[in-house]
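Spelled out from the first residue to the last, the chains are:
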Amino acid sequence: MIGILVLLIALILFGLLAFKQVSALILAPLVTVFVLVCTSLLEGQPLDILGGLLDEFMPAAAQYVSDYFMVFFMGALFGAVYQFTGAAKSIARTLSGACHGKFVAPIIMCITGILTYGGISGFVVFFVVYPIALQMFRNANLTRRLIPAAISAGCWTWSMYGPGSPSIQNVIPTRVLGTTAFAAFGPSLVATIASFVMIFVWLEYRSRSFTKRGFFFDDPRLKNQLTEEELQASDDEALPNPVIAFIPILLILVLYNAPIFPQADGTRAGLPVEAAVFVGVVVATLFMFRWVKGGVSQWVQVFNKGAADSGVSILNTAIVVGFGGVVQNTQAFSDLVEGLKTLEMNPLVFVMITVAVCAGACGSASGGMSVAFNALKDTYISLGASLEDVHRIGAIAAGTLDTLPHQGAQITLLNICKLTHKEAYFDIAITQILIPFITCGIFIVLATLLGV
């Protein structure tokens, strides 16, 4: 119990330091050292901090980079193309125009969801969609407090764990379990639709509730106020045709999921996600080449920016996975897993709990899923659950406790939106912790009924 308490304290320490905006590159090794020191004392082992960092921390981080760098790299390139050509903004503006000032927060959620379902990194979507969200919220005289939840709910929920999604959380199980991106299609489709509807209803409910209580766009009660430059409209900006902008996104989804390419075993399957997104990058570049002023030399800068973004994104995630790699080798983690295994519970509930806890410990959906699947794959199989069901419940559960206040992505988004946790985190927690847990419950019930 003391060892488990140490892990809990480490998680709290992780959250507090992240809340203070300490870089993950410093934070993860620092908290790892705390765990190594405490576990060495508790287990009566010689203190070997350097050995723990070199033999456990770094191999876990390096393995994550080795496995998923190309996914991050291609996704970041695709996102850079859509950011600098204005293609993402074109899609956003087209969809926002359909609402005519109504359902503003849910429409923002739909915009970000469509972009991320098409393979654009959520971190890129933050910067692309925020100016659009700001204009739409201003025109509707709606409080800015809902902007972070509206943006991130589209990035990290149904578009992340929906069937066929090219997200890293949907790719990891295919590599570890040998499943497909459409694993458990029937119940996962129902659960994804239910998740979308619940988030849509919540955001609209909260929009009307804030307005009734006198919270509007111009709110002097907010700690950080907007500048005049941020309030300027840009509706006259020339952008690519939205139909052209949609084509590479749809192409990625088709190439990744359609069984059209012959395999060595005689079957047919879609392209690997890296290859599918690469084709999307090429097509998007050809279709929208003229929208980047400056010709080839400026396009080189676009790709350089995407490549740099990919390095930062995967390193921040991998370094936290390194922390998880140390945690999974502690006796406390083994005791916790063994304790859970002795409880009488549905195997999918066990998968949900373990993946969610790992995601919370890592502050990362993909990082937590990697730790859980690497440590517990054999356990999941021994429990007798369908691997397709394990794939889907793992993808959904990874997007629950990863959204605790220490998650780096939420801290980044709140800074972009000039809001604090106190002002905006409640709706983030509802849409990205509570509703995904409800979604887990819906999926488990459907999968259990279908498996009987």
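All figures in this text were calculated on a predicted structure; none of them were measured in a lab.

1. Concerning the overall build of the protein
When helices and strands are tallied, the protein shows 19 helices and two strands. Computed over its C-alpha atoms, the radius of gyration of the protein comes to 22 Å, within 12% of the 22 Å expected for a compact globule of 452 residues. Structurally, the protein occupies a C-alpha span of about 65 × 60 × 50 Å along its principal axes. The 452 residues of the protein split such that 54% are buried. In the protein, once contacts between residues fewer than 6 apart in sequence are set aside, the share between residues at least 24 apart is 79%. Taken as a whole, the protein presents about 19000 Å² of accessible surface, with 67% of it coming from carbon and sulfur.

2. Points about the environment of aspartate 335
Of note, aspartate 335 is situated in helix α14 (residues 331-342). With relative accessibility at 42%, the residue aspartate 335 sits in the partly exposed group. Expressed as a C-alpha distance, the spacing of aspartate 335 and valine 292, which sit 43 residues apart in the sequence, is 56 Å.

3. Looking at unusual backbone geometry
Positive phi, close to 50°, is recorded for phenylalanine 103, a residue that is not glycine. Relative to the elements of secondary structure, phenylalanine 103 occurs in the loop between α4 (87-97) and α5 (104-117). Residue phenylalanine 103 is classed as partly exposed on the basis of its relative accessible area of 37%.

4. With respect to the confidence of the model for the protein
For any part of a model where pLDDT is low, the fine detail of the predicted coordinates should not be relied upon. Summary statistics for the protein give a mean pLDDT of 85 and a share of 95% for residues scoring 70 or more. Confidence, expressed as mean pLDDT per element, reaches its minimum in the protein at strand β2 (residues 268-269) with 74 and its maximum at helix α10 (residues 185-212) with 96.

5. Some remarks on the side chain of threonine 400
Looking at where threonine 400 falls in the secondary structure, it is placed in the loop between α17 (387-397) and α18 (408-417). Of the residues examined, threonine 400 reaches a relative accessible area of 0% and is grouped as buried. Within the structure, the side chain of threonine 400 is placed 2.5 Å from the backbone oxygen of alanine 397, a separation counted as a polar contact. Contacts of threonine 400, omitting those with residues within four sequence positions, involve Ala356, Gln432, Ile433, Pro436 and Phe437.

6. Examining a nonpolar patch on the surface
Together, Phe182, Phe185, Leu189, Ile193, Val197 and Val201 make up an exposed nonpolar region whose accessible area comes to about 500 Å². Of note, isoleucine 193 is situated in helix α10. Exposure remark for isoleucine 193: the relative accessible area of 47% places this residue in the partly exposed category.

7. Examining the nonpolar core
Counting residues in each nonpolar core, the largest one holds 140 residues, and the members touching the most others are Tyr82 and Phe373. Here the element with the most residues in this core is helix α3 (residues 49-85); it accounts for 12 residues. Setting aside residues up to four positions removed in sequence, phenylalanine 373 forms contacts with Ile172, Pro173, Val176, Leu177, Val355, Tyr380, Val390 and Gly394.

8. Concerning the environment of isoleucine 444
In this structure, isoleucine 444 sits in helix α19 (residues 421-451). Between the alpha carbons of isoleucine 444 and valine 349 there is a distance of 7.5 Å; along the sequence they are 95 residues apart. Aside from chain neighbours lying at most four places away, what touches isoleucine 444 is Asn346, Leu348, Val349, Met352 and Ile393.

9. A short note on the side chain of threonine 174
Structurally, threonine 174 is set in helix α9 (residues 168-177). Here valine 171 takes part through its backbone oxygen, which lies 2.4 Å from a polar atom of the side chain of threonine 174. Look past the residues within four positions of threonine 174 in its chain and what remains in contact with it is Thr179, Thr180, Ala181 and His391.

10. Focus on α17
Judged by how many residues are buried, α17 sits mostly within the fold: nine of 11 residues are covered. Along α17, the positions that sit buried rather than exposed are Asp389, Val390, His391, Arg392, Ile393, Gly394, Ala395, Ile396 and Ala397. The inward-facing, buried residues of α17 contact α8 (158-161), α9, α10, α15 (347-362), α16 (365-382) and α19.

11. Remarks on the packing of aromatic side chains
This structure, assessed with the given rule, holds 15 aromatic pairs. Taking the centre distance of 5.2 Å and the plane angle of 90° together, the rings of tryptophan 158 and phenylalanine 196 count as edge-to-face. In this pair, tryptophan 158 is assigned in helix α8 and phenylalanine 196 in helix α10, connecting sequence segments 38 residues apart. By relative accessible area, tryptophan 158 is classed as buried at 9%. A cation over a ring is seen here: arginine 221 above phenylalanine 215, with NZ or CZ 4.0 Å from the ring centre.

12. Notes on the pattern of salt bridges
By the definition in use, this model includes five salt bridges. A salt bridge links aspartate 219 to arginine 145; the nearest nitrogen and oxygen atoms lie 3.4 Å apart. With a gap of 74 residues between them, aspartate 219 in the loop between α10 and α11 (242-257) and arginine 145 in the loop between α6 (122-139) and α7 (147-156) connect regions that are remote in the sequence. Its salt-bridge partner being glutamate 204, residue arginine 208 comes within 2.8 Å of it at the nearest N-O pair. Of the two residues, arginine 208 and glutamate 204 are both situated in helix α10; the distance of four residues between them amounts to about one turn of the helix. On the basis of relative accessibility, which here comes to 49%, the residue arginine 208 falls in the partly exposed class. One continuous salt-bridge network, built from bridges that share partners, spans Arg145, Asp219 and Arg221.

13. What to know about α15
The terminal C-alpha atoms of α15, which comprises 16 residues, lie 23 Å apart, in line with the 22 Å expected from a rise of 1.5 Å per residue. Counting buried residues in α15 gives 12 out of 16 residues, a clear majority hidden from the surface. Buried within α15 are the following residues: Leu348, Phe350, Val351, Met352, Thr354, Val355, Ala356, Cys358, Ala359, Gly360, Ala361 and Cys362. Put simply, asparagine 346 is the residue that caps the front of α15, since its side-chain oxygen is 2.7 Å from the backbone nitrogen of leucine 348.

14. Let's talk about the environment of tyrosine 82
With respect to the helices, strands and loops of the structure, tyrosine 82 is situated in helix α3. Remark: the alpha-carbon pair of tyrosine 82 and proline 240, spanning 158 residues in sequence, is separated by 10.0 Å. Excluding anything up to four places from it in sequence, tyrosine 82 contacts Ala87, Ala88, Ile91, Ile120, Ala245, Pro248, Ile249, Ala284 and Met288. Of the polar contacts made by the side chain of tyrosine 82, one reaches the backbone oxygen of alanine 245; its length is 2.4 Å.

Conventions we followed
- Residues numbered from 1 in each chain as written.
- Predicted model: local features only at pLDDT ≥ 70, side-chain atom pairs only at ≥ 80, totals over all residues.
- Heavy atoms only, no water.
- Helix = DSSP H or I, 4+ residues; strand = E, 2+ residues; numbered from the N terminus.
- Rg over C-alpha atoms; globule rule 2.2 N^0.38 Å.
- Buried < 20%, exposed > 50% of the residue type's maximum accessible area, 1.4 Å probe, protein only.
- Contact = heavy atoms within 4.5 Å.
- Areas by Shrake-Rupley, 256 points an atom, 1.4 Å probe, with all protein chains shown as cover.
- pLDDT = per-residue confidence, 0-100.
- Polar contact = N/O pair within 3.5 Å; in protein donor to acceptor, adjacent residues only side chain to side chain.
- Patch = residues over 30% accessible without salt bridge, like charges linked within 9 Å, V, L, I, M, F, W, Y side chains within 5 Å.
- Salt bridge = Lys/Arg side-chain N within 4 Å of Asp/Glu carboxyl O.
- Core = buried A, V, L, I, M, F, W, Y, C linked by side-chain atoms within 4.5 Å.
- Phe/Tyr/Trp six-rings, centres within 6.5 Å; stacked < 30°, edge-to-face > 60°.
- Lys NZ or Arg CZ within 6 Å of the ring centre and 35° of its normal.
- Expected span 1.5 Å × (residues − 1).

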